[in-house]
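Here's the letter readout for the chains.
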Amino acid sequence: MEKLFPKITTFLMFSGQAEEAMDFYTGLFEDSRIEAIVHNEDGTVMQATFTLKGQTLMCIDSVANHEFTFTPAISLFVACDSEEEIDRLFGQLSEGGGVLMPLDEYPHSKKFGWLVDRFGVSWQLNY
């Protein structure tokens, strides 16, 4: 039997913005692409798989309205390869979102930043 998914995969649930978020994320990171997408009849994402820098993630658009959203208690941690990369990603990901820890030197890192993007997803960027 063919393995369809890794045993543990980050799964993001959006409220109508899944495809927009995937397009945005795959445009930011090298070695990134939308692998598969299945739409609901209304055009929202029923299920999708995408890759960011070789890491597979899944997402959907929730069909139910709910009170909860993303929380910074869970974040995507990105090990950046250069200062140029961390500066670019921090600027683009934080646009329309919010900064939790400004891009700076910290005891645990020579350059680190933590933010929430415009979709509510939390990112920790480290160089």
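Read on for a plain summary of the structure. (Residues numbered from 1 in each chain as written. Predicted model: local features only at pLDDT ≥ 70, side-chain atom pairs only at ≥ 80, totals over all residues. Heavy atoms only, no water.)

## Observations concerning the overall build of the protein chain
No. 1: Within the protein chain one finds two helices and eight strands.
No. 2: Radius of gyration (C-alpha) of the protein chain: 15 Å, near the 14 Å computed for a compact globule of 127 residues.
No. 3: Across its three principal directions, the C-alpha atoms of the protein chain cover 45 × 35 × 25 Å.
No. 4: Pairs at least 24 residues apart make up 51% of the contacts formed inside the protein chain by residues separated by at least 6 positions.
No. 5: In the structure as shown, the protein chain presents an accessible area of about 7800 Å², 52% of it carried by carbon and sulfur atoms.
No. 6: Taking the average place of the 8 positive charges on the side chains of the protein chain and the average place of its 20 negative ones, the gap between the two points comes to 9 Å. (Helix = DSSP H or I, 4+ residues; strand = E, 2+ residues; numbered from the N terminus. Rg over C-alpha atoms; globule rule 2.2 N^0.38 Å. Contact = heavy atoms within 4.5 Å. Areas by Shrake-Rupley, 256 points an atom, 1.4 Å probe, with all protein chains shown as cover. Lys, Arg positive; Asp, Glu negative; His and termini not counted. Charge placed at Lys NZ, Arg CZ, Asp CG, Glu CD.)

## Side note on helix H1 (residues 18–28)
No. 1: Along H1, the residues classified as buried are Ala 18, Ala 21, Met 22, Phe 24, Tyr 25, Thr 26 and Leu 28.
No. 2: Packing partners of the buried residues in H1 comprise strand E1 (10–14), strand E2 (33–39), strand E3 (45–52), strand E4 (55–61), helix H2 (83–94) and strand E8 (122–126). (Buried < 20%, exposed > 50% of the residue type's maximum accessible area, 1.4 Å probe, protein only.)

## A look at the sheet that holds E8
Sheets are built from strands paired through backbone hydrogen bonds, the pairs being either parallel or antiparallel.
No. 1: Spatially, the four strands line up as an open sheet ordered E5-E8-E7-E6, and their pairing is mixed. Taken across any chain shown, the strands that pair with only one partner, and hence form the sheet edges, are strand E5 (76–79) and strand E6 (98–106). Pairwise comparison of adjacent strand axes, ignoring direction, gives a mean angle of 10° for this sheet.
No. 2: Here E6 runs beside strand E7 (residues 109–116); their pairing, made up of five bridges, is antiparallel. (Pairing = 2+ DSSP bridges. Axes fitted to C-alpha atoms, helices over the stretch in contact; angles between N-to-C directions.)

## A look at the pattern of salt bridges
No. 1: A full pass over the atoms with the stated rule returns seven salt bridges.
No. 2: The partner of Glu 83 in a salt bridge is Lys 111, with the nearest N and O atoms 3.2 Å apart. Placement of the pair is Glu 83 in helix H2 and Lys 111 in strand E7, with a sequence separation of 28 residues.
No. 3: Within this structure, Asp 31, Arg 33 and Glu 35 form a network of salt bridges that share partners. (Salt bridge = Lys/Arg side-chain N within 4 Å of Asp/Glu carboxyl O.)

## A closer look at unusual backbone geometry
No. 1: Unlike most non-glycine residues, Asp 31 shows phi in positive territory, near 55°.
No. 2: In this fold, Asp 31 is placed in the loop between H1 and E2.
No. 3: Classification of Asp 31 by relative accessible area gives exposed; the value is 52%.
No. 4: One non-glycine residue, Lys 53, lies in the positive phi region at around 50°.

## Some points on the pairing of E2
Moving residue by residue along a regular strand, the side chains alternate between the two faces of the sheet.
No. 1: Here six bridges tie E2 to E3, and the two strands are oriented antiparallel to one another. For Ile 37, the partnering residue across the bridge sits in E3 and is Ala 48.
No. 2: The turn joining E2 and E3, which pair antiparallel and follow one another in sequence, is formed by five residues; a positive phi near 95° is taken by Gly 43.

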